[in-house]
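# Breakdown of the fold
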Amino acid sequence: MDNIITMNDIVDAISIKINNIFNQDKKVYHIYDTKSKQGFEYPCFFIKLLNGSISQFIGNRYDNKLYFDIQGFVIDENDRELRNMADSLQNLEYIKLLNNDLLNARKIRYEIKDGVLHFFVDYSFIGKKVEIPVDAMEKLSINGEVKSDEKE
């Protein structure tokens, strides 16, 4: 994986996979990755990046870990439907990025709390650190004088 992978690339891949899993039948599941001031249309999913970590691996390669909470909402807080959602979301074990790289989930777990499914999935990948080029100045002039040690 020498391509640059961003957090948004992974959120997009998760969203596409959820869409492919759930929006095949007549029922439409909305997918959000930012909170909406108007609220959510149910049933829906909210993809929330909980946190992440980056640690140097070798040279300019870094081990990136991202931890997600994919929240599932249904119209009537039906636990049976939430359990079915959790079963189907286990297909997030593998996601395909837009550059066709595959990511494998490191850990998957879920819980249902207060009528909301919390599906936790962790992804890890090795990425390269990319130096952002700094624009060079067109011209630099330095004027200076050497101070003399002579006593007058």
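So, here is what we can say about the structure in this document. (Residues numbered from 1 in each chain as written. Predicted model: local features only at pLDDT ≥ 70, side-chain atom pairs only at ≥ 80, totals over all residues. Heavy atoms only, no water.)

### Here's the deal with the packing of helix H1 (residues 7-22) against helix H2 (residues 79-89)
Packing of H1 against H2 leaves a shortest axis separation of 10 Å and a crossing angle of 120°. Compared by their axis directions, H1 and H2 come out oblique. The chirality of how H1 crosses H2 is right-handed. Facing Ile18, Ile21 and Phe22 of H1, the residues of H2 in contact are Met85, Ser88 and Leu89. For the contact of H1 with H2, the per-class residue count stands at five nonpolar, one polar and no charged. (Axes fitted to C-alpha atoms, helices over the stretch in contact; angles between N-to-C directions. Helix = DSSP H or I, 4+ residues; strand = E, 2+ residues; numbered from the N terminus. Parallel < 35°, antiparallel > 145°, perpendicular 65-115°, else oblique. Left-handed = near helix turned anticlockwise from the far one by under 90°. Contact = heavy atoms within 4.5 Å. Nonpolar A, V, L, I, M, F, W, Y, C, P; charged D, E, K, R; others polar.)

### Side note on the side chain of Asn64
Within the element layout of this structure, Asn64 appears in strand S3 (residues 61-73). Dropping the residues within four chain positions of it, Asn64 is found in contact with Ser53, Ile54, Tyr123, Ser124, Phe125, Ile126 and Gly127.

### Digging into the packing of aromatic side chains
Enumeration according to the criterion identifies nine aromatic pairs in this entry. Ring centres of Tyr42 and Phe73 lie 5.7 Å apart, and the angle between their planes is 10°; on these two criteria the pair is classed as stacked. Highlighted residues: Tyr42 in the loop between strand S1 (30-32) and strand S2 (44-58) and Phe73 in strand S3, separated in sequence by 31 residues. Accessibility expressed as a relative area gives 41% for Tyr42, which makes it partly exposed. Taken together, a centroid distance of 6.3 Å and an interplanar angle of 10° make the contact between Tyr110 and Phe119 stacked. Joined through ring pairs, the aromatic side chains of Tyr32, Phe40, Tyr42, Phe46 and Phe73 make up one cluster. (Phe/Tyr/Trp six-rings, centres within 6.5 Å; stacked < 30°, edge-to-face > 60°. Buried < 20%, exposed > 50% of the residue type's maximum accessible area, 1.4 Å probe, protein only.)

### As for the pattern of salt bridges
One pass over the structure, following the stated rule, counts two salt bridges. The salt bridge involving Glu81 is made with Lys27; its shortest N-O contact spans 2.6 Å. On the criterion of sequence distance, the pair formed by Glu81 in helix H2 and Lys27 in the loop between H1 and S1 is long-range, its members being 54 residues apart. For Glu81, a relative accessible area of 19% corresponds to the buried category. (Salt bridge = Lys/Arg side-chain N within 4 Å of Asp/Glu carboxyl O.)

### Observations concerning a negative patch on the surface
Where like charges cluster on the molecular surface, the negative patch consists of Asp76, Glu77, Asp79 and Asp114. The residue Asp76 is located in the loop between S3 and H2 in this model. The exposed category is assigned to Asp76, whose relative accessible area is 53%. (Patch = residues over 30% accessible without salt bridge, like charges linked within 9 Å, V, L, I, M, F, W, Y side chains within 5 Å. Areas by Shrake-Rupley, 256 points an atom, 1.4 Å probe, with all protein chains shown as cover. Lys, Arg positive; Asp, Glu negative; His and termini not counted. Charge placed at Lys NZ, Arg CZ, Asp CG, Glu CD.)

### Digging into the nonpolar core
With 28 residues, the main nonpolar core has Ile10, Ile14 and Tyr123 as its most contacted residues. Going through the elements one at a time, H1, S2, S3, H2, strand S5 (102-113) and strand S6 (116-128) are the ones with two or more residues in this core. Tallying contributions element by element places H1 first for this core, with six residues. Not counting residues within four places of it along the chain, the set of residues in contact with Ile14 comprises Ile47, Phe68, Ile70, Leu92, Ile95 and Tyr123. In terms of nonpolar packing, the next biggest core, distinct from the first, is built from five residues, Tyr32, Cys44, Phe73 and Val116 among them. (Core = buried A, V, L, I, M, F, W, Y, C linked by side-chain atoms within 4.5 Å.)

### Re the side chain of Ser124
In this structure, Ser124 sits in strand S6. Polar contacts involving the side chain of Ser124 include one to the side chain of Asp63, which spans 3.1 Å. Of the polar contacts made by the side chain of Ser124, one reaches the backbone oxygen of Asn64; its length is 3.4 Å. Setting aside residues up to four positions removed in sequence, Ser124 forms contacts with Asp63, Asn64, Lys65, Leu103, Asn104 and Arg106. (Polar contact = N/O pair within 3.5 Å; in protein donor to acceptor, adjacent residues only side chain to side chain.)

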